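These are the residues of each chain, in order.
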Amino acid sequence: MSAAREMLCDTARAAFAEAATAGMTPVEEAGFALLLVPEGEGGFGGDWGDVNAVLQIAGAMVPDLPIAARIAPEGLQAAATISLMAGAMGAALALSIEHVNTRQQFGRPLGKFQAVQQSLAVMACEVRAVEAAAAALAARLDVVGRDPVAADFEIAAAKLRANRAVGVVTSIAHQVHGAIGFTREYALNRVTIPLMRWRGEHGNDAHWAARLGRQVAGLGGQGLWAAMTERSDKNRML
Amino acid sequence: MQGFALYPFDPPGDVAALRGELRGWLAANQPTGDIVARANCWASFDPDFSRALGGAGYIGMTLPSRYGGGDRHPLERYVVIEELLAAGAPVGAHWIADRQTGPLILRYGSEEQRQRYLPGIARGELYACIGLSEPGAGSDLAAVRTAARETADGWRINGQKIWTTGAHLSHIMLALVRTEEGSERNAGLSQLLIDLDTPGITIRPIIDMAGRHDFNEVFFDDVLVPHGALVGERGQGWKQVTAELGLERSGPERYLSSHALLVALIDAAGPDPAPPVAALIGELSAELWTLRQLSMSTAAKLAAGEDPMVEASVVKELGNAFEQDMPRRVQAIVDCPWDDASDLGRLLRALLIASPSFSLRGGTREVIRGIIARGLGLR
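These numbers were taken from a predicted model, which means no experiment stands behind them. (Residues numbered from 1 in each chain as written. Chains lettered and ligands numbered in written order. Predicted model: local features only at pLDDT ≥ 70, side-chain atom pairs only at ≥ 80, totals over all residues. Heavy atoms only, no water.)

### Details of the packing of helix H10 (residues 309-333) of chain B against helix H11 (residues 343-354) of chain B
Residues and elements named next belong to chain B.
Thinking step 1. Relative orientation of the contacting elements H10 and H11 amounts to 130 degrees, with a least axis distance of 9 Å. The orientation of H10 relative to H11 falls into the category oblique. As for how H10 packs across H11, the hand of that crossing is left-handed. Residues Pro327, Arg328, Val330 and Gln331 of H10 form the contact with H11, whose own contacting residues are Leu344, Leu348, Leu351 and Leu352. (Axes fitted to C-alpha atoms, helices over the stretch in contact; angles between N-to-C directions. Helix = DSSP H or I, 4+ residues; strand = E, 2+ residues; numbered from the N terminus. Parallel < 35°, antiparallel > 145°, perpendicular 65-115°, else oblique. Left-handed = near helix turned anticlockwise from the far one by under 90°. Contact = heavy atoms within 4.5 Å.)

### Observations regarding the pairing of strand S4 (residues 172-178) of chain B
Residues and elements named next belong to chain B.
Thinking step 1. Burial of S4 is extensive: 7 of the 7 residues sit out of reach of the surface.
Thinking step 2. Judged by which residues are buried, S4 turns out to be covered on both faces: Ile172, Leu174, Leu176 and Arg178 on one side and Met173, Ala175 and Val177 on the other are all buried.
Thinking step 3. Sheet analysis places strand S1 (residues 128-131) next to S4, joined by 4 bridges and oriented parallel. Following the sheet pairing, isoleucine 130 is matched in S4 by leucine 174. (Buried < 20%, exposed > 50% of the residue type's maximum accessible area, 1.4 Å probe, protein only. Pairing = 2+ DSSP bridges.)

### A look at the domain arrangement of chain B
Thinking step 1. By the assigned domains, chain B splits into domain 1 (15-126), domain 2 (130-235) and domain 3 (250-375).
Thinking step 2. The C-alpha-based centres of domain 2 of chain B and domain 3 of chain B are spaced at 31 Å. (Domains from an automatic or database assignment.)

### Points about the side chain of aspartate 98 of chain B
All names here are of chain B.
Thinking step 1. Relative to the helices and strands, aspartate 98 resides in helix H4 (residues 92-108).
Thinking step 2. Judged by relative accessible area, aspartate 98 falls into the buried class, the value being 6%.
Thinking step 3. Not counting the four nearest positions on each side in its chain, aspartate 98 is found in contact with Ile59, Gly60, Met61, Arg77, Ile81, Pro103 and Ile121.

### A closer look at helix H2 (residues 47-55) of chain B
Residues and elements named next belong to chain B.
Thinking step 1. Phe49, Ser50, Leu53 and Gly54 are the residues of H2 that are buried. Angular distribution of buried residues about the axis of H2 spans 135 degrees; they occupy a single face of the element. Among the exposed residues of H2, those oriented more than 90 degrees off its buried face are Asp48 and Gly55.
Thinking step 2. Where the residues of H2 are buried, they touch helix H1 (15-29), helix H3 (74-86), H4 and helix H5 (111-123). (Arc of directions from axis to C-beta.)

### A short note on the packing of helix H3 (residues 48-61) of chain A against helix H5 (residues 77-102) of chain A
Residue and element names in this part refer to chain A.
Thinking step 1. Following both chains from N to C, one finds H3 and H5 inclined at 45 degrees, their axes separated by 7 Å at the closest point. By the angle between their directions, the pair H3 and H5 is classed as oblique. Regarding H3 and H5, the two cross each other, and that crossing is right-handed. Residues Trp48, Asn52, Leu55, Gln56, Ala58, Gly59 and Ala60 of H3 form the contact with H5, whose participating residues are Ala79, Ala80, Ser83, Leu84, Ala86, Gly87, Ala88 and Ala91.
Thinking step 2. The residue makeup of the contact of H3 with H5, split by class, is 10 nonpolar, 5 polar and no charged. (Nonpolar A, V, L, I, M, F, W, Y, C, P; charged D, E, K, R; others polar.)

Rendered as structure tokens:
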């Protein structure tokens with residue numbers, strides 16, 4: 001990660017920590033609405049890689065605040081939601097790891113039990129997949145000037161993949177937490193409820209699967225691979 | 001484990017041109033035979049094809065030219081192998097030698113070993129198998145018991161390997177053996193490079209549930225190999241093998257084994273598929289695209305000299321699940337009798353039967369998940 005993006009992330013963490021109790025004011029004061037506005041127009045001049053990084057932090061820390069709506073244009077709200085989802089899933093994983101390494105039953109931490117280890121490995125794979133999808137989509141959007149039409153394949157694939165991870169991630173996170181994770185007080189529901197909500201927003205599984213499926217059917221069997229490689233080779237060249 | 005940042009996949013040169021050249025070469029040289037051979041194609045042995053591919057410079061690409069290699073970047077090789085797999089080319093004969101034995105000989109081998117073996121590997125003429133599993137050492141690899149004792153004449157080997165893919169078609173085996181008498185677990189192990197025509201070696205077939213002869217039992221009865229058969233450092237076999245497995249787990253073969261079925265499904269569905277079929281194609285395409293990003297990123301990390309053991313395991317776990325899931329989901333949606341003679345039907349049947357092996361070979365699902373769990377800080 002570049003030094004500029006590291007700084008941006010530090011700023012986001014500080015502003016979102018305040019925003020958790022104060023609402024949107026600290027987010028506005030820190031200027032996040034200007035993240036994508038060009039420097040020449042008084043903005044930060046950020047790219048979608050920056051948006052992805054900031055929204056992952058928002059998804060983990062303040063998933064209920066309308067930060068994506070302030071940063072990203074209307075046509076890219078599905079893309080923005082994928083970053084929020086990746087961040088919230090990362091937070092659910094971190095909480096789960098912390099819990100199983102701390103909570104003792106049968107005289108040892110839960111994380112020592114193979115059944116728990118295997119569950120968390122499954123969950124981690126899903127989280128990594130969504131993080132990768134969000135990052136690859138960001139790379140595509142930055143190559144095509146944030147044109148949602150030119151990134152239609154990637155938006156559909158990434159949102160669909162993220163949606164499909166929600167069930168696995170939320171159910172394993174809650175399962176390894178036991179009853180404490182089901183309480184209002186404990187932090188887990190503050191990311192799992194938003195994840196359940198985001199799965200249905202800006203296109204549920206059926207919406208994106210039908211759309212991507214029709215697009216791929218139009219490409220033909222060999223055409224899928226040809227299109228996928230052409231798109232990623234182009235990402236690289238530009 | 002830290003959050004997953006995508007490592008930029010940035011091979012030198014014109015990648016699109018490299019792809020284009022290879023696609024042109026394949027159009028002229030890929031056998032047009034049985035469509036079923038295009039599925040799980042890195043288990044399809046075709047020495048003629050391997051020789052032609054080697055002759056065209058697509059094997060041993062990353063080896064130095066003084067050993068017959070192509071001096072190419074590891075990510076250029078990645079582009080080539082993902083193209084070969086997506087096309088379903090029969091790459092099985094040279095696959096293991098190209099993927100792991102060649103690089104391992106280059107890294108740990110003696111100058112003599114490099115000169116002796118690498119040019120043949122790069123020509124697509126010298127094939128290798130991996131001698132790891134034994135009857136008592138499957139997932140528990142550190143239980144290896146096959147013994148090699150150093151004598152005045154060389155290493156004397158006694159023991160048995162099993163599940164050795166392609167041993168009957170290979171020239172050499174890179175074997176993990178116990179060189180220190182009385183040693184336990186992962187200490188006292190070394191790697192030996194064994195010419196398979198050495199007297200005392202018996203190779204017996206094991207026919208798999210698909211009726212194929214891919215793997216074998218290999219017996220060593222007082223087999224004498226020269227001192228120079230030792231690869232790398234004596235007693236460091238465990239470390240060397242672990243590094244080798246990183247090369248084995250994250251490649252595109254972990255999510256492209258069933259690609260021929262996806263191609264056939266899309267072609268059979270036509271441009272205007274019924275809604276359930278369109279949805280299935282959409283879901284499979286999304287998973288394929290995501291897996292490719294993960295695999296490319298892991299390859300880039302490997303190429304940069306890092307050791308992405310956990311990421312490699314994530315690719316294998318998700319890739320295996322995808323490849324196993326695909327034939328089952330296709331069968332659930334497409335009406336296709338068991339003895340259907342269409343491309344789709346034959347591929348479907350072959351992959352339903354072959355796919356249980358996907359989460360066994362190269363480390364079982366349970367072992368792979370254990371590695372991921374350790375990476376998460378559990379255990």
